[in-house]
Amino acid sequence: MRIVIIGNGMVGYKFCEKLVSKNHEFEITVFGEEVRPAYDRVHLSEYFSGKSAEDLSLASTQWYHDNNIKLYLGDPVKEINRVNKTIRSHNEVIVSYDYLILATGSSAFVPSIPGLEKEGVFVYRTIEDLEMMTAYARKAKKGAVIGGGLLGLEAAKAMMDLGIEETHVIEFASRLMPRQIDDAGSKVLRNKLESLGLRIHTNTYTKEIIGDRSISAMQFADDTTLDVNMLVISAGIKSRDELAKACGLQVGQRGGIVVDDQLQTSDESIFAIGECGLHNNMIYGLVAPGYEMADVVVANLTGGNKTFTGFDMSTKLKLIGVDVASFGDPFIQTDNTRTVVFEDTRKGIYKRINISKDGKHLLGGILVGEAEAYNMLLQTCKNKVVLPPNPEDVILGARGGEADAAAGIVDLPDEALICSCESVSKGDICNAVTDGCETVDAIKKCTKAGTGCGGCVPMLKDLMLHTLKSQGKYIRNVLCEHFSYSRQELYDLIKVKELKSFDAVLDEIGHGDGCEVCKPAIASILASLWNEMILKKGNDTAQDSNDRYLANIQKGGTYSVVPRIPGGEVTPEKLIVIGQIAQKYNLYTKITGGQRIDMFGAHLSDLPSIWEELIAAGFESGHAYGKALRTVKSCVGSTWCRFGLHDSVSFAIRIEERYRGLRAPHKIKSAVSGCIRECAEAQSKDFGIIATEKGWNLYVCGNGGSKPQHALLLAQDLDDETCIKYIDRFLMFYIKTADPLTRTATWLNKMEGGIDYLRNVVMNDSLGIAEQLEQEMQFLVDHYTCEWREVVESTELRKRFNHFVNAPEEKDPTVKFEPLRDQKRAAEWK
Amino acid sequence: MSNTLSINISWFAACKTTDVPVNGGVCVKYKDEQIALFHFTRRNEWFATQNLCPHRQQMALSRGMIGSQDGEPKVACPFHKKTFSLVDGHCMNDDACDNIKTYPVKIEGTTVYIGIEECENANEKLVA
């Protein structure tokens with residue numbers, strides 16, 4: 001049977017994937033208009049936050065080849081001949097079909113506004129659109145997006161990521177995301193987005209785009225204007241039905257190829273799936289219903305009997321870091337329904353649930369600002385699970401008692417759909433676990449659940465843990481295939497057995513050869529326990545690359561060098577030395593966020609000489625390459641500042657010198673502020689210290705990064721010695737008990753009892769280990785040496801820094817730089 | 001492949017066995033090529049592959065950590081932890097990533113030799 005698919009988007013690809021999995025004999029041909037094979041359009045905005053086109057790709061051209069699918073890219077179909085059952089492409093390829101699948105998707109809906117043709121006006125749809133935007137954004141300062149819906153806000157996020165200084169969102173309706181959320185929810189969302197720097201204009205209709213050749217301003221219906229250099233139109237979608245229309249297929253009045261419950265068009269050999277199809281007067285602009293449509297058609301072409309009867313439009317997304325979700329019927333309000341609303345304007349959270357009059361069933365709802373409960377609520381709604389006696393508990397949590405997070409999932413029936421992207425039920429997942437899929441990755445591989453939007457992954461984990469527990473299996477967080485222990489167990493074992501090298505640890509308590517997961521984890525434990533030079537005893541090759549070369553590897557394979565500048569205090573003489581070294585070795589210099597200086601672009605073989613000079617000038621390693629203490633940032637404090645209460649710089653230097661080189665499960669950052677104005681940003685650090693009238697307040701477990709979290713107050717008004725004692729205990733307890741690569745914030749989040757428990761351990765010695773923790777820390781402090789000094793002084797160790805083993809004097813000839821302002825940068829990688 | 005083509009392996013002396021760190025790698029220069037040479041001491045095996053990681057075209061594999069997965073020896077690129085089989089060069093954690101080239105290695109005395117495939121009848125080298 002010959003099947004031709006027009007369109008190689010997400011749904012077209014999913015159709016291919018499902019079709020080839022059926023093992024039927026098909027001759028499959030795919031035509032795609034874009035030059036790339038299908039990619040993940042849902043996560044398109046991540047292209048701006050660092051994902052490449054390759055990362056977004058769903059399958060390589062090789063995949064199509066391996067599955068015997070003929071793929072024509074960059075070759076749109078021009079004509080369908082329904083009489084001869086052939087199609088003709090732009091490049092004059094003619095192919096016959098038995099069945100034709102239209103998966104032509106949609107294009108951006110562009111309202112007719114005079115001036116659309118000007119330079120700097122874009123739509124937001126394909127990777128090419130993104131590339132054009134990226135190029136243009138370099139010269140734009142102010143930008144706007146027309147459309148305050150889901151796509152519009154995504155586009156606004158993209159603009160912010162592109163570095164546009166001022167981004168406006170122009171929405172015609174009276175609220176943001178009018179299809180998903182109500183007025184109150186929209187208000188909360190708006191406040192939240194505005195606090196993140198977006199400027200939002202609702203009830204605003206764009207009359208004209210002004211500018212000579214390129215856009216310079218927009219004029220609105222009330223004749224006000226807004227100066228912008230760039231505009232993205234993202235006001236909705238329009239089905240790509242022109243091909244269908246041209247060959248006489250029935251299309252809807254406002255677009256869309258009319259299909260029945262089999263997704264059959266008015267020609268029984270032609271099907272339409274995804275955003276181009278009009279089912280029951282409805283166009284589904286989401287990926288999950290598109291996938292379901294693909295599944296229905298594949299089933300029917302392979303002898304099955306399935307129908308598409310509409311699809312739930314529930315959705316959860318993260319818009320510029322704000323969670324937004326709506327499910328079931330988000331707006332319903334009748335005599336037979338009741339509504340429960342929770343609103344917290346301080347934190348920017350809005351939750352609404354619509355329930356039946358008797359309070360038994362959930363009918364729909366809206367979540368803004370916090371949507372962790374989404375999957376659970378969606379399943380409760382879809383499966384008509386009876387609500388608890390106080391229905392508000394489902395959005396507020398059971399108050400006055402510890403709630404069991406997994407309890408809700410356990411109550412779901414086996415048919416409950418957990419992964420709506422891939423239609424995987426609770427029963428499928430539990431069966432997979434029973435059949436031996438005992439990790440989330442294994443479940444993903446075996447059932448495909450969690451491979452679409454990924455929203456159900458936390459539920460997968462809960463279901464897996466619950467199923468394993470119910471089988472009486474003890475669940476252990478083991479390191480990898482070479483060690484059947486958790487990090488905490490390994491730490492204790494290595495200590496008791498007094499093991500000092502990776503090989504000794506592997507021989508004694510592991511098996512096999514090790515890997516890139518266990519090697520750095522064990523190397524870190526060894527360093528935390530014994531504080532011996534990390535490149536000795538054969539431990540050099542167990543270190544992750546940065547630790548192995550005591551520098552941070554950067555694009556192109558050169559390294560960056562960061563000498564320690566405790567508390568950010570540096571003399572003019574030392575600054576001059578840094579400048580001279582950077583000049584001599586042609587390094588790019590930049591001030592880091594941790595108040596020190598980073599020198600980039602050093603060749604591997606130059607590192608020992610650079611450090612020789614730095615050490616001669618009195619510098620030491622800054623451990624920027626290690627999962628170790630980085631910096632203790634400080635404000636200038638009472639020695640100069642008219643507000644300062646204590647000498648924050650001196651205390652920061654003391655703290656930094658105490659814990660320098662301390663290896664830990666992850667990097668550790670700290671700061672000391674001289675007063676409550678908090679100029680050192682201590683509350684965003686793993687441990688932060690803020691001066692008070694009476695002493696120091698100690699905050700712990702904060703971090704910046706992708707999931708910022710404020711540090712929590714551990715203890716108040718401490719004197720210097722008590723403060724250090726508590727930090728000793730806190731850090732050592734963290735080092736001994738955290739999982740690998742876990743920052744203190746995540747460590748605390750996972751800790752049963754949270755900050756109260758931690759406070760008990762550190763201040764009240766509830767475990768009776770405080771003295772031991774202090775002694776262990778003192779041992780590490782006493783055994784500190786500068787790693788770079790040891791390398792510089794050893795010819796044997798210096799040898800390891802040559803690029804070529806057989807041409808030690810030659811540098812890597814493939815290293816390339818490009819000029820940047822008055823310095824240089826690494827050449828862009830492919 | 002044409003049947004007139006025959007492949008010869010020519011061996012060149014790369015370095016001394018002690019030049020290579022235990023359970024680690026070094027980069028060897030051969031004409032304009034960069035070859036990553038690994039001494040998997042734990043398994044008493046030697047491997048050589050291209051030094052270029054195909055993922056982002058970075059000359060870095062010799063600086064990667066070696067290890068094994070279900071008994072298959074592998075190297076992890078320091079940049080994004082793509083792992084490659086040291087036996088046949090396939091990427092073990094990303095199907096979309098290209099394979100890397102592997103080279104035979106032999107030890108004679110204390111010298112490590114790496115084998116380069118040369119085509120006899122063509123002037124062109126087969127190596128990339």
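Residues numbered from 1 in each chain as written. Chains lettered and ligands numbered in written order. Predicted model: local features only at pLDDT ≥ 70, side-chain atom pairs only at ≥ 80, totals over all residues.

### As for the overall build of chain B
- The number of helices and strands found in chain B is zero helices and 12 strands.
- Taken from N to C terminus, the helices and strands of chain B fall in the order β-β-β-β-β-β-β-β-β-β-β-β.
- Looking at the 128 residues of chain B, the share that counts as buried comes to 40%. (Helix = DSSP H or I, 4+ residues; strand = E, 2+ residues; numbered from the N terminus. Buried ≥ 20, exposed ≤ 12 C-beta atoms within 10 Å, placed from the backbone.)

### Focus: the overall build of chain A
- When helices and strands are tallied, chain A shows 27 helices and 38 strands.
- Each of the 830 residues in chain A was classed as buried or not, and the buried ones make up 46%.

### Thoughts on the sheet that holds strand 3 (residues 33–40) of chain B
All names here are of chain B.
- Taken in spatial order, the four strands of this open sheet run 2-3-4-10, and their pairing is antiparallel. Lying at the two open borders of the sheet, with one neighbouring strand each, are strand 2 (24–30) and strand 10 (102–103).
- Looking at chain direction, strand 2 and strand 3 are connected through seven bridges and run antiparallel. Within strand 3, the position partnered with K29 by the bridge is Q34. (Pairing = 2+ DSSP bridges.)

### Looking at the interface of chain A and chain B
- The interface of chain A with chain B comprises 26 residues on the first partner and 30 residues on the second.
- A per-class count over the side of chain A that touches chain B returns six nonpolar, 11 polar and nine charged. (Contact = placed C-beta atoms within 7 Å. Nonpolar A, V, L, I, M, F, W, Y, C, P; charged D, E, K, R; others polar.)

### Quick word on the sheet that holds strand 1 (residues 2–6) of chain A
Residues and elements named next belong to chain A.
- Strands sit in the order 3-2-1-7-19 across an open sheet of five strands; the sheet is parallel. Strands at the two margins of the open sheet, each flanked by one partner only, are strand 3 (69–72) and strand 19 (270–272). Ignoring which end each strand starts from, the neighbouring axes of this sheet average 15 degrees apart.
- Alignment of strand 7 (residues 99–102) against strand 19, held across three bridges, turns out to be parallel. For L102, the partnering residue across the bridge sits in strand 19 and is A272.
- The sheet strands contacting helix 1 (residues 10–20) are strand 1, strand 2 (27–31), strand 3 and strand 7, and the helix crosses strand 2 at an angle near 170 degrees. (Axes fitted to C-alpha atoms, helices over the stretch in contact; angles between N-to-C directions.)

### Focus on the nonpolar core
Residue and element names in this part refer to chain A.
- Residues I6, F15, I101, L102, I273 and V297 are the most contacted members of the largest nonpolar core, which totals 69 residues.
- If one sorts the elements of this core by residue count, helix 8 (residues 287–301) sits on top with nine residues.
- Not counting chain neighbours up to four residues away, the residues in contact with I273 comprise V11, F15, I101, A103, L263, G290, M293, A294 and V297.
- Membership of the second largest hydrophobic core comes to 61 residues, among which are Y124, I164, L193 and I320. (Core = buried A, V, L, I, M, F, W, Y, C linked by C-beta atoms within 7 Å.)

### Concerning helix 16 (residues 502–509) of chain A
Residues and elements named next belong to chain A.
- Along helix 16, the residues that are buried comprise F502, D503, V505 and L506. Considered in projection along helix 16, the buried side chains sweep an arc of 160 degrees and stay on one side of the axis. In helix 16, the exposed residues that point more than 90 degrees away from the buried face are D507 and E508.
- Residues of helix 16 that are buried sit in contact with helix 15 (487–497) and helix 17 (518–530). (Arc of directions from axis to C-beta.)

### A closer look at the packing of helix 22 (residues 720–737) of chain A against helix 24 (residues 754–763) of chain A
Residues and elements named next belong to chain A.
- Where helix 22 contacts helix 24, the two axes come as close as 9 Å, and the packing angle between them is 120 degrees. Between helix 22 and helix 24, the angle is such that the two are oblique. Crossing of helix 22 over helix 24 shows right-handed handedness. Only V761, V762 and M763 of helix 24 make contact with helix 22, whose side of the interface consists of Y726, R729, F730 and F733. (Parallel < 35°, antiparallel > 145°, perpendicular 65-115°, else oblique. Left-handed = near helix turned anticlockwise from the far one by under 90°.)

### Focus: the confidence of the model for chain B
Residues and elements named next belong to chain B.
- Across chain B, the average pLDDT comes to 88, with 88% of residues at or above 70.
- For chain B, per-element mean pLDDT is lowest for strand 12 (residues 111–119), which scores 88, and highest for strand 4 (residues 45–50), which scores 97.
- The model gives residues 121–128 a pLDDT under 50, and that stretch makes 14 contacts with residues more than four places away or in other chains.
- Quick note on the complex model: pTM equals 0.55, ipTM equals 0.88. (pLDDT = per-residue confidence, 0-100.)

### Some points on helix 15 of chain A
Residue and element names in this part refer to chain A.
- Among the residues of helix 15, R487, L490, Y491 and I494 are the ones counted as buried. Viewed along the axis of helix 15, the buried residues span an arc of 105 degrees, placing them on a single side of the element. Seen from the buried face of helix 15, the exposed residues on the opposite side, beyond 90 degrees, are V496 and K497.
- In this structure, the buried side of helix 15 is in contact with helix 16, helix 17 and helix 22.
- E498, located one to two residues past helix 15, shows a positive phi value of around 55 degrees.

### Focus on the environment of A:S106
All names here are of chain A.
- Secondary-structure assignment places S106 in strand 8 (residues 106–108).
- Overall, the presence of 20 C-beta atoms within 10 Å leaves S106 in the buried class.
- Each C-alpha atom, one on S106 and one on G236, is 9.6 Å from the other, the two residues being 130 residues apart in sequence.
- Setting aside its immediate chain neighbours within four residues, S106 contacts I237, K238, S239, R240, E275 and C276.

### As for the packing of helix 12 (residues 426–434) of chain A against helix 14 (residues 457–470) of chain A
Residues and elements named next belong to chain A.
- The geometry of helix 12 relative to helix 14 is characterised by a closest axis approach of 9 Å and an angle of 50 degrees between their N-to-C directions. Considering the angle they form, helix 12 stands oblique to helix 14. The two elements helix 12 and helix 14 cross, and the hand of that crossing is right-handed. Side by side, helix 12 and helix 14 meet where K426, I429, C430, V433 and T434 of the first sit next to L460, L463, M464, T467 and L468 of the second.
- Looking at the contact of helix 12 with helix 14 residue by residue, the class counts come to seven nonpolar, two polar and one charged.

### Topic: the pairing of strand 12 (residues 198–201) of chain A
Residue and element names in this part refer to chain A.
- Burial of the side chains of strand 12 is restricted to one face: L198 and I200 are buried, whereas none of R199 and H201 on the reverse face is.
- For strand 11 (residues 166–170) and strand 12, the ladder comprises four bridges, and the chain directions are parallel. Across the sheet, the residue bridging to H168 is R199, located in strand 12.
- Once you follow strand 11 into helix 6 (residues 183–195) and on to strand 12, the crossover reads as right-handed. (Right-handed = clockwise from strand over helix to strand, strands pointing away.)

### A short note on unusual backbone geometry
- Even without being a glycine, A:N531 presents a positive backbone phi close to 55 degrees.
- With respect to the element layout, A:N531 can be found in the loop between helix 17 and helix 18 (545–548).
- For A:N531, a count of 18 C-beta atoms within 10 Å corresponds to the partly exposed category.
- Positive phi, normally seen in glycine, also occurs at B:N44, with a value near 55 degrees.
- Tracing the backbone shows B:N44 in the loop between strand 3 and strand 4.

### What to know about the environment of A:P330
All names here are of chain A.
- Along the chain, P330 falls in the loop between strand 22 (322–328) and strand 23 (337–344).
- The class for P330 is buried, based on 22 C-beta atoms found within 10 Å.
- Taking the C-alpha atoms as reference, P330 lies 9.3 Å from R179; in sequence the two are 151 residues apart.
- In contact with P330, other than residues within four places in its own chain, are Q180, I181, D182, G364, G365 and I366.

### Section: the environment of B:H90
Residue and element names in this part refer to chain B.
- Among the structural elements, H90 can be located in the loop between strand 9 (83–85) and strand 10.
- A sequence separation of 16 residues divides H90 from K74, and the C-alpha atoms of the two residues are 9.5 Å apart.
- Residues contacting H90, with those up to four places away along its chain left out, are F84, S85 and N99.

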